[in-house]
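Descriptive analysis of the structure
Given next are the chains, with one letter for each unit.
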Amino acid sequence: MNIFNFYQKKIIETIKKNKRSLKISEVNFNGMQVELAPEKFNCDISTNIVMLLTKRYKKDLQTFAHDLKNLLIKQIKDFQNIEIAGSGFLNITLKEKSLLKIIEQILKNKDKYGSLKQNKKINIEFVSANPTGPMHVGHCRGAVLGDVISNLFLFNGNKVIKEYYVNDYGVQINNFVKSVYLRIREIKYKESFQNSPDLYPGDYIIDIAKNILKSHPKLNVDNYENCFNELKNKSLKLSLDSIKKDLKSLGIVHNNFVSETYLVNEDFVSKTINLLKKGSHIEEGFLQPPKGTENKNWKKIKRLIFKSTKFGDDNDRALQKNDGSWTYFANDVGYHNFKISKKYDLLINILGADHTGYIKRITAAVEAISNGKTKLNCKVSQLVKLFKDGKPFKMSKRAGDFVTLNEFLNEVDKDAIRFMMLNRSSDVELEFDFAKVIEKTKENPIFYVQYANARINSIFRSLKKNKDKKIQLSDGTINFNEIEKKILRKSFEWPKIVENSSNKLEPHRITFYLYELSTLFHSFWSKGNEEEKYRIIIDGKLNRSESLLILQLLSSVIRNGMQILGVSLPEKM
RNA sequence: GCGCCCUUAGCUCAGUUGGAUAGAGCAUCGGUUUUCUAAACCGAGGGUCGUAGGUUCGAAUCCUUCAGGGCGCGCCA
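**Observations concerning the protein's contact with RNA strand B**
- The local shell around RNA strand B holds 73 residues, among which Asn322, Lys442, Tyr448, Ser458 and Lys504 are the closest.
- In RNA strand B, atoms within 4 Å of the protein come from the sugar-phosphate backbone in 60% of cases.
- A distance of 3.1 Å is found between a sugar or linking oxygen of RNA strand B and a side-chain nitrogen or oxygen belonging to Asn130.
- The separation between a phosphate oxygen of RNA strand B and a polar main-chain atom of Lys442 is 2.4 Å.
- Elements that contribute at least two residues to the surface near RNA strand B include exactly α3 (49-57), α16 (445-462) and α19 (508-530).
- In terms of residues, the surface near RNA strand B owes the most to one element, α19, which gives 11 residues.

Spelled out as structure tokens, the structure:
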């Protein structure tokens, strides 16, 4: 239940019904907001409707505000009081009984509270790291972002396919296989591995080589060409398995792995190119030499070009290389047509910051292929900088210059990584200090939220009460104290947080929200040490049932949030 | 040269389709424990929301100018 939507509807209905007495004709509610007022106003909901309508119908603000106030109080029985702020906001306080009704409804909704109850089919592509080496920290942020966005859409009732595009095609793969080949020969024939710029030097290649030798000791590696295919399949599988294993340690499991080679071999790429030709989005021609940096490989050759400038891209894009084979982009266009053919309502791509420039061309391709029917939403995640105690951190160089996800997971647990990766908007660089995330203090937000919930549990334990069981209030009169009301109001905001996070693909709003919610709780808890009337338990007995109800609500919201984040919530700490 | 992102307190950052006196954490200073978990809480100081214009009842938020930082600009993937 979203109380803002609920009361917005009621207010609109009431105004419509009373157009005549309010002396307005056609009513236009565009821009109307019903939301939580800043804390200092001490009310439950507030709306800007007066400012909107007086401007639209040129009424006197104070007069109209008073008329509307009287009308709403009389006709909407949940409203206890309405204050008119100087600026024209109506600040509404709800009756305690109505608050109770809302809480009960929320608790009945349980783990569905806040769900947008959509029913769409969504494809989200994320990670898609090259299968030529292990995952590193750089991949991690996009991985968590994609996974939590998936969880959000699932929470909202959608069908979500999490997809990984495997770039198992092209020169880099050949270099990768060649590296494995040379490592195998190194082991078998003691030929020393000579590094060169187009080979992969990392130790993980040795692991792959050993692994292949172990399971296939009789593999003939005398001739590279002869064993290439077998070697390629085995190496890729091992590499991908290790990536999947790392992802799983982060709590991430994709539903689909789509192979680039498969798409090329099944002619998906050429079919897509033909489709685009029919729509005259492709021509044969010449491109301008690249601007900015110089490029040695550039050649003026007639080739197939996708006219992405028609869709707002800076340049048209090549679909063929010098030798006539497809470019990475051409294959990706094929891949996106593959997705379009599966009739999704929405496509989402999570990209790294270095792929920002790629967005326009691929969005253009999707628009061209689907005639604007399929929407592709690209989200970029900025860089992660590792720190330890405020100093830049580098780990061992097993895989080259970057820290592997595996090494990272040895230092920090999955929950901390997931939470911290979302403790910033994905638009800004993230400083990840992992001395901090293993701390057990307020400075570590994940701990702070988990601790709040553990404390709530401890209250229910002490009272020997079941947290999930309905709480009967002792007598008819309900009276929430001011801090309980703060928690209540914050909990009412949860559906809005879900909505915004989901619509804008910004799940960091959830981590911030949970932190703020936890602050209110810790404050409530400590208040009991100062004044007895705020204590939840006195002499082993429950002081006020209202408190327990609020805690039940609070814990339920925290649980929903953490579930979407995929972060665990210990019973006890 | 072009595109995208960023610029808010000493530091790291939030800020709802434009709303009320711009908010957190850290750091600094001062307080709170015979009591449900002090792994916590409370209080104080700290701001020209990068700059200059514009749009309007109302701008950190929208438009334009300029400045600073990051990423990218392949016929690599």
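Anyway, onward from the coordinates.
**Quick word on the packing of aromatic side chains**
- With the rule as written, the count across this model stands at 18 aromatic pairs.
- Taking the centre distance of 5.6 Å and the plane angle of 50° together, the rings of Tyr7 and Phe79 count as tilted. A residue pair is termed long-range when its members are at least 10 positions apart, and Tyr7 in helix α1 (residues 3-17) and Phe79 in strand β3 (residues 79-84) qualify at 72 residues.
- For Tyr7, a relative accessible area of 1% puts it in the buried group.
- Phe79 sits in the buried class, given a relative accessible area of 2%.
- An aromatic cluster of three or more residues is present, and its members are Phe306, Phe311, Tyr328, Phe329 and Tyr358.
- Between Lys178 and the ring centre of Tyr224, over which it is positioned, the NZ or CZ distance is 5.4 Å.
- Looking at Lys244, its charged tip hangs above the ring of Phe257, at a distance of 4.3 Å from the centre.

**Some details on the packing of α3 against helix α4 (residues 61-75)**
- One way to put it is that α3 packs onto α4 with a least axis distance of 10 Å and a crossing angle of 125°. Taken together, the axes of α3 and α4 are oblique relative to one another. In the packing of α3 onto α4, the handedness of the crossing is right-handed. Counted together, Ile49, Val50, Met51, Leu53 and Thr54 of α3 and Leu61, Phe64, Ala65 and Leu68 of α4 form the full contact between these two elements.
- Of the residues assigned to the contact of α3 with α4, the class counts are eight nonpolar, one polar and no charged.

**A few points about the domain arrangement of chain A**
- Each domain of chain A was delimited in the assignment, giving domain 1 (3-94), domain 2 (171-245) and domain 3 (445-565).
- When each unit is reduced to the centre of its C-alpha atoms, the spacing between domain 1 and domain 2 is 70 Å.

**Let's talk about unusual backbone geometry**
- For Asn42, which is not glycine, the phi dihedral falls at a positive 50°.
- When you line up the elements, Asn42 lands in the loop between β1 (34-35) and β2 (45-47).
- Unusually for a residue other than glycine, Lys117 sits at a positive phi of about 50°.
- One can find Lys117 in the loop between α5 (96-109) and β5 (121-125).

Analysis parameters
- Residues numbered from 1 in each chain as written.
- Chains lettered and ligands numbered in written order.
- Predicted model: local features only at pLDDT ≥ 70, side-chain atom pairs only at ≥ 80, totals over all residues.
- Heavy atoms only, no water.
- Near = heavy atom within 4 Å.
- Polar contact = N/O pair within 3.5 Å; in protein donor to acceptor, adjacent residues only side chain to side chain.
- Helix = DSSP H or I, 4+ residues; strand = E, 2+ residues; numbered from the N terminus.
- Phe/Tyr/Trp six-rings, centres within 6.5 Å; stacked < 30°, edge-to-face > 60°.
- Buried < 20%, exposed > 50% of the residue type's maximum accessible area, 1.4 Å probe, protein only.
- Lys NZ or Arg CZ within 6 Å of the ring centre and 35° of its normal.
- Axes fitted to C-alpha atoms, helices over the stretch in contact; angles between N-to-C directions.
- Parallel < 35°, antiparallel > 145°, perpendicular 65-115°, else oblique.
- Left-handed = near helix turned anticlockwise from the far one by under 90°.
- Contact = heavy atoms within 4.5 Å.
- Nonpolar A, V, L, I, M, F, W, Y, C, P; charged D, E, K, R; others polar.
- Domains from an automatic or database assignment.

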